[in-house]
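Overview (structure and organization)
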Amino acid sequence: MSSGMPLLAIVVLPFIGSLVATFLRQDARNGAAFLAGTIAFCGAVLTAAQYPAVGNGRVLHAGIEWIPSLGLNFTLRMDGYTWLFTMLVTGIGFLVALYARYYMSPADPVPRFFAFLLAFMGAMLGIVLSGNLIQLVFFWELTSLFSFLLIGYWHHNASARDGARMALTVTATGGLCLLVGVLLIGHIVGSYDLDKVLASGDLVRGSDLYLPTLILVLLGALTKSAQFPFHFWLPHAMAAPTPVSAYLHSATMVKAGVFLLTLLWPVLSGTEAWFYIVVSAGLCTLLLGSYAAIFQQDLKGLLAYSTISHLGLITLLLGLGSPLAAVAAIFHTINHATFKASLFMAAGIIDHESGTRDIRRLSGLFRYMPITATLAMVAAAAMAGVPLLNGFLSKEMFFAEAAAFHVDSLLDQSLPYFAMLFSAFSVTYSLRFIHGVFFGPPAKDLPRIPHEPPHWMRFPIELLVLVCLLVGILPAMTIKPFLSAAVHAVLGPETPYYSLAVWHGFNEPLLMSLIALTGGIILYWLLQGYLAKGIEGPPLMRRLKGQRIFERLLVELSWRWARSLERLLGTQRLQPQLRLLVAFAVVASLWPLYRQGLEAGSRPATALDPAFLMLWIVGGICAIGAAYQAKFHRLAAMVLLGGAGLVTCITFVWFSAPDLAITQLLVEIVTTVLILLGLRWLPKRIETAGEDVTMGTQARVRRMRDLMLALAAGIGMSLIVYAMLTRPLPDTISRYFIENAYSEGGGRNVVNVILVDFRGFDTFGEIVVLAVVAITVFSLLRRFRPAPESVDAPEQQQLQDAYDTARPDRAVGDTLADYLTIPSVIMQWLFPVIIVVAIYLFLRGHDLPGGGFAAGVTMSIALILQYMAGGTRWIEARLRIRPIRWMGLGLLCAVSTGIGAWVFGYPFLTSYFQYVELPAIGKVPAATALLFDFGVFSVVVGATVLILIALAHQSLRTPRAARPGIPAPPPVALKEEA
Amino acid sequence: MNELVFAVAVGILTASGVWLLLRPRTFQVIIGLSLLSYAVNLFIFGMGRLQVGAPPVLENAEAIDPALYADPLPQALVLTAIVINFAMTALFLVVLLASRGLTGTDHVDGREDT
């Protein structure tokens, strides 16, 4: 669409500029400022060019499709209201860039500042122009992030860091609430598209979810706009460089909250909940802010509290829910941005030229900087609502609305009085700003002699003050068409009649204005004595510090709670974690048991086989014995563990699972070898007599608790298993496997067909895991450092070596080599036999129990036996085993078998089979699954051997490191491979 | 009644395994994990119910009656579990050895309880 490009450019240009600015040189102050100014200016011009269309009430759209199926697209839209806001963001952005060029010190990394500023501008424009609510929230959080960076720009300054962190915590938390609120709106409306949402006001207000939605959205808006009780972050954000305050805290960041409230005004407002929440928040903010502003000693602090109170005013107006109040709110948003930006800049100039912002030290500056003083006076007068300035017009509207009738309640009736009080307070603090700084006796001990700033630094203020004056004196000729377009965009057909004139006759609002003006002057005169004392903080609420509550909350949340939670669930200690895990598992499995009941099922029970009972009496004793002995008698525990494993293995045979039995038996062997190899590196643990007596009560309680937990888990498992075994087997996919194993997979051993054919992809995953584990073990052991007391050769070997040294006819190591000669000869002779068994198991695997897994483990046992028989050096001098190549070959084989199916146009790992007639052997099944199974075999051999050899090598390495005198043995195969 | 024996057996293995899992020494935890994996393997295997003399190896490939064979699916699951379990034991053993070398203790937390 033709109108799309400019909108996109407005949002995207600042981000591009930000990126460019990050690549500028540290000292490129002029370049960066020029870049930022140009981009903001271009944005303003592009925006202005859209006015003819927008002014006619059209809504411009632009978008890029992202996930159309989910209704998530990058969309931009611009109506009269957002046009006005875009103008404000880009226009004031340009002035701030110009101002910052002079404000920032050449010593600071200025390009970074402008990069943040531009990115912030882009994010703000993103909020304003978003046509999609989710996208709006995204940009919303982006502004929080960039405001954090901007506030913390002088990061060497502790208060800047604290202020930035606080602003981020408060506004980003609000942003999260907003996100949830927006999701709720999307749920209610069925779309996140802003046009659709704006058209569904009645639907949203009528929804059951209206109240939570409202509260969540308000939490987002009120935190952003620093509304009570979240106002405390704004004064602390004043640690930012002044251009940032002038931009973020007048026209953009804090305005995002009221922008959102105005934007969603047609959707959310008009209910009692809206009225009470928003009006109370606005009223509290307005009074507290203006009251606190009077007593600030820091110029920027005064402006910050005044900003809070003016935002409260806008919030209050929006809360009233009447169209006229909304007009006033929009109008005041613009007016406040102009006079507050200029005041912040003036405060920055004062700080810059005199070296301090403390009102107690500043005095009589008029004679040094008359032009700046005059400009500041006009802007402050606009803030106080003096006639002929823009602030007066929107304040009159506010008074008129405050006096009008909305909801019959005490809150509504008291509004006019609060409004006058607020107005009087703002007169007082404006007077304090002007009188305290520019008048009175000349200041004595200023860090610098103040003087007028460079002209171009003052220019932005001049321009803004000019706007204040023009809008204030000639509203109908200046702001009226733009305001009218904005109001129409928000209110649509509800747009009320309003008049923008300086003189409406002598009416109620004017009377209120006069009372407030005189009241404010009198109050200032009365407070002179108190203010001269220079006491920090406002009276009556000095103790009430939002910041302190916030910090205490943070300490509680991020320190105390986090610490106790970490103590409870942290990863520092394994035992409590496992305890929790087991306890949770026990409790979680209780739930279905409770629902299904535990009584025995209907499946006919088999007759008790006494042999099976005997078998498990042995098995149970082995298991309990292993548990009992594992602490002090590791070898015994290992043997008992093997016993339990064997009984498990026999159970598999018993109940028709020969494949499992074979695999279990073989794995049992390698596991035993593995643990035996590891035992050597564990510390000695000797049972001292009477340890049980000395054991503390705490340890006893812990053991008791663990025993209970273990018993609960065991009994629970027993119950579940029994309940399961006595119920009939439901019809599962197994039927399909059995029926089709032969016809589709070409194998009679259904388990093997499942592994290599039906579920080949799963098996492929398993062998990959196996290979990964083996390589992990290998690399962990390459950097292995044993504990010092385990470095020496084992006791038996030491004795053998001592015997050799004592006998002149023997060389060291002879006894070790002769040790267990006969078994080792048998083991060596068995090598070919076991290999044949492995091949046999492998080949018959498709039709009879066996297969790649079992064959692989058998093969690795053959190799390990050679290591045990001859010793590591002996075997490696004769046989190069390259486990990593075995694994690589296996994986390659498995993958290529799978890919082979693609070649023939079938899905990955589809198998093909037929019988092949081999001479002398006969008919041999030749399925492609056999190739895959070979891959499994090869990976299993490689992985098992790699793990065991890597561990076995440790006893070679360490004595060498400990005794450097002995010549190093020839490099072993493993090392070369690595 | 073989079911009852089987169920109690799984329970004993689980209880011993869990007890060891909660002990402070790494070797105890390794043994515990192995016992627990026996229990879990038997448990999964038991999903196919207990049948004597009916291994899932087809005898007559022409007329197949699924009722004559034990459930092959849990067996296939357990078969890979056995091998993976070996890998897990190996990995854990090596981690505990490395941790013992680095920290000088075989306590699971890498430091003695105070």
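Since we're looking at a predicted model, the values are computed, not measured.

**Overview of the overall build of chain A**
Each helix and strand counted, chain A has 42 helices and 4 strands in total. The long-range share in chain A, meaning contacts at least 24 apart out of those at least 6 apart in sequence, stands at 78%.

**A look at the overall build of chain B**
Scanning chain B from N- to C-terminus turns up 3 helices and 0 strands. Counted from the first residue to the last, chain B has its helices and strands arranged as α-α-α. Residue burial in chain B is summarised as follows: out of 114 residues, 62% are buried. Contacts in chain B between residues far apart in sequence, at least 24 positions, make up 51% of those at least 6 positions apart.

**Looking at the interface of chain B and chain A**
Interface size, as often reported, equals the accessible area lost upon joining of the parts. In this complex, chain B contributes 79 residues to the contact, which on the side of chain A involves 100 residues. Residue assignment for the side of chain B that touches chain A shows that the elements contributing at least two residues are α1 (2-21), α2 (26-46) and α3 (72-103) of chain B. Counting residues per element, the side of chain B that touches chain A draws most heavily on α3(B), which supplies 23 residues.

**Regarding the UniProt feature "transmembrane region" (unreviewed entry) in chain B**
All names here are of chain B. The feature "transmembrane region" (unreviewed entry), as annotated in UniProt, sits at residues 6-22, 29-48 and 76-98 in this numbering. Between the C-alpha atoms that bound residues 29-48 the distance is 29 Å, and the span itself is 90% helix and 0% strand. In residues 76-98, the share of helix is 100% and the share of strand is 0%. The end C-alpha atoms are 34 Å apart.

**Comments concerning the nonpolar core**
In terms of nonpolar packing, the biggest core is built from 206 residues, with Phe114(A), Leu150(A) and Ala379(A) touching the most fellow members. Ranked by residue count, the leading element in this core is helix α17 (residues 323-354) of chain A, at 18 residues. Excluding its chain neighbours within four sequence positions, the residues that come into contact with Phe114(A) are Ala21(A), Ala32(A), Ala33(A), Leu35(A) and Ala36(A). The next biggest cluster of nonpolar side chains, apart from the first, holds 141 residues, and it includes Val670(A), Leu709(A), Ala741(A) and Leu36(B).

**With respect to the confidence of the model for chain A**
On average, chain A scores 85 in pLDDT, and the residues at 70 or more come to 93%. The model gives residues 960-978 of chain A a pLDDT under 50, and that stretch makes 18 contacts with residues more than four places away or in other chains.

**What to know about the environment of Gly364(A)**
Residues and elements named next belong to chain A. Among the secondary structure elements, glycine 364 is positioned in the loop between α17 and α18 (370-384). Once the C-alpha coordinates of glycine 364 and proline 441 are considered, the two residues, 77 residues apart in sequence, prove to be 5.3 Å apart. Non-local contacts of glycine 364, meaning those with residues more than four positions away in its chain, are made with Phe439, Gly440, Pro441, Pro442 and Ala443.

**With respect to the environment of Phe228(A)**
All names here are of chain A. The residue phenylalanine 228 is located in the loop between α10 (210-224) and α11 (233-236) in this model. Taking C-alpha positions, phenylalanine 228 is 9.1 Å from serine 280, a pair spaced 52 residues apart along the chain. In this view, phenylalanine 228 contacts Ala281, Cys284, Thr285 and Leu288; residues no more than four positions away in its chain are not counted.

**Some details on α10(A)**
Residue and element names in this part refer to chain A. Along its 15 residues, α10 runs 21 Å from first to last C-alpha, staying within 8% of the 21 Å computed at 1.5 Å per residue. Listed as buried for α10 are Thr213, Leu214, Leu216, Val217, Leu218, Gly220, Ala221, Leu222, Thr223 and Lys224. Here the buried face of α10 lies against α7 (158-189), α9 (201-206), α13 (253-263), α14 (265-268) and α15 (272-294). Within two residues after α10, alanine 226 carries a phi angle of roughly 55 degrees, on the positive side.

**Examining the confidence of the model for chain B**
Confidence in the prediction for chain B averages 87 pLDDT; 96% of positions are at 70 or higher. As scored by the predictor, the complex reaches a pTM of 0.63 and an ipTM of 0.95.

**Here's the deal with the packing of helix α26 (residues 574-596) of chain A against helix α31 (residues 697-725) of chain A**
Residues and elements named next belong to chain A. Relative to each other, α26 and α31 sit at 35 degrees, their axes nearing to 10 Å. For the crossing formed where α26 meets α31, the hand is left-handed. Across the interface between the two elements, Arg579, Val582, Ala583, Val586, Ser589 and Leu593 of α26 pack against Leu709, Ala712, Ala713, Gly716, Leu719 and Ile720 of α31. Of the residues that constitute the contact of α26 with α31, the class distribution is 9 nonpolar, 2 polar and 1 charged.

**So, helix α27 (residues 610-629) of chain A**
All names here are of chain A. Compared with the 28 Å implied by 1.5 Å per residue over 20 residues, the 28 Å span of α27 between its first and last C-alpha is a close match. Of the residues making up α27, those classed as buried are Phe612, Trp616, Gly619, Gly620, Cys622, Ala623, Ala626 and Ala627. Seen along its axis, α27 keeps its buried residues to an arc of 160 degrees; they face one direction. Summarising the geometry of α27, the exposed residues directed more than 90 degrees from the buried face are Pro610, Ala611 and Met614.

**Here's the deal with unusual backbone geometry**
Each neighbour pair has its own omega, and for Phe228(A) with Pro229(A) the value is 5 degrees, a cis peptide bond. Residue position: Pro229(A) is located in the loop between α10 and α11. If you check the backbone angles, Leu388(A) has positive phi at about 75 degrees while not being a glycine. In this model, Arg49(B) sits at a positive phi of 65 degrees, which is unusual for a non-glycine residue. Residue position: Arg49(B) is located in the loop between α2 and α3.

**Comments concerning the packing of helix α29 (residues 658-679) of chain A against helix α38 (residues 852-870) of chain A**
To characterise two packed helices, one gives the angle between the axes of the helices and the distance between these axes. Residue and element names in this part refer to chain A. Where α29 meets α38, the axes come as close as 9 Å, and the angle between the chain directions of the two elements is 30 degrees. Pair α29 / α38 crosses with left-handed handedness. Contact with α29, carried on its side by Ile662, Thr663, Leu666, Val667, Ile669, Val670 and Val673, involves Phe853, Ala854, Val857, Thr858, Ser860, Ile861 and Ile864 of α38 and no other residues of that element.

**A short note on the environment of Leu421(A)**
You can see Leu421(A) is positioned in helix α20 (residues 410-438). Once the C-alpha coordinates of Leu421(A) and Ala516(A) are considered, the two residues, 95 residues apart in sequence, prove to be 6.9 Å apart.

Calculation criteria
Residues numbered from 1 in each chain as written. Chains lettered and ligands numbered in written order. Predicted model: local features only at pLDDT ≥ 70, side-chain atom pairs only at ≥ 80, totals over all residues. Helix = DSSP H or I, 4+ residues; strand = E, 2+ residues; numbered from the N terminus. Contact = placed C-beta atoms within 7 Å. Buried ≥ 20, exposed ≤ 12 C-beta atoms within 10 Å, placed from the backbone. UniProt positions renumbered as here; feature names shortened; annotations may be inferred. Core = buried A, V, L, I, M, F, W, Y, C linked by C-beta atoms within 7 Å. pLDDT = per-residue confidence, 0-100. Expected span 1.5 Å × (residues − 1). Axes fitted to C-alpha atoms, helices over the stretch in contact; angles between N-to-C directions. Left-handed = near helix turned anticlockwise from the far one by under 90°. Nonpolar A, V, L, I, M, F, W, Y, C, P; charged D, E, K, R; others polar. Arc of directions from axis to C-beta.

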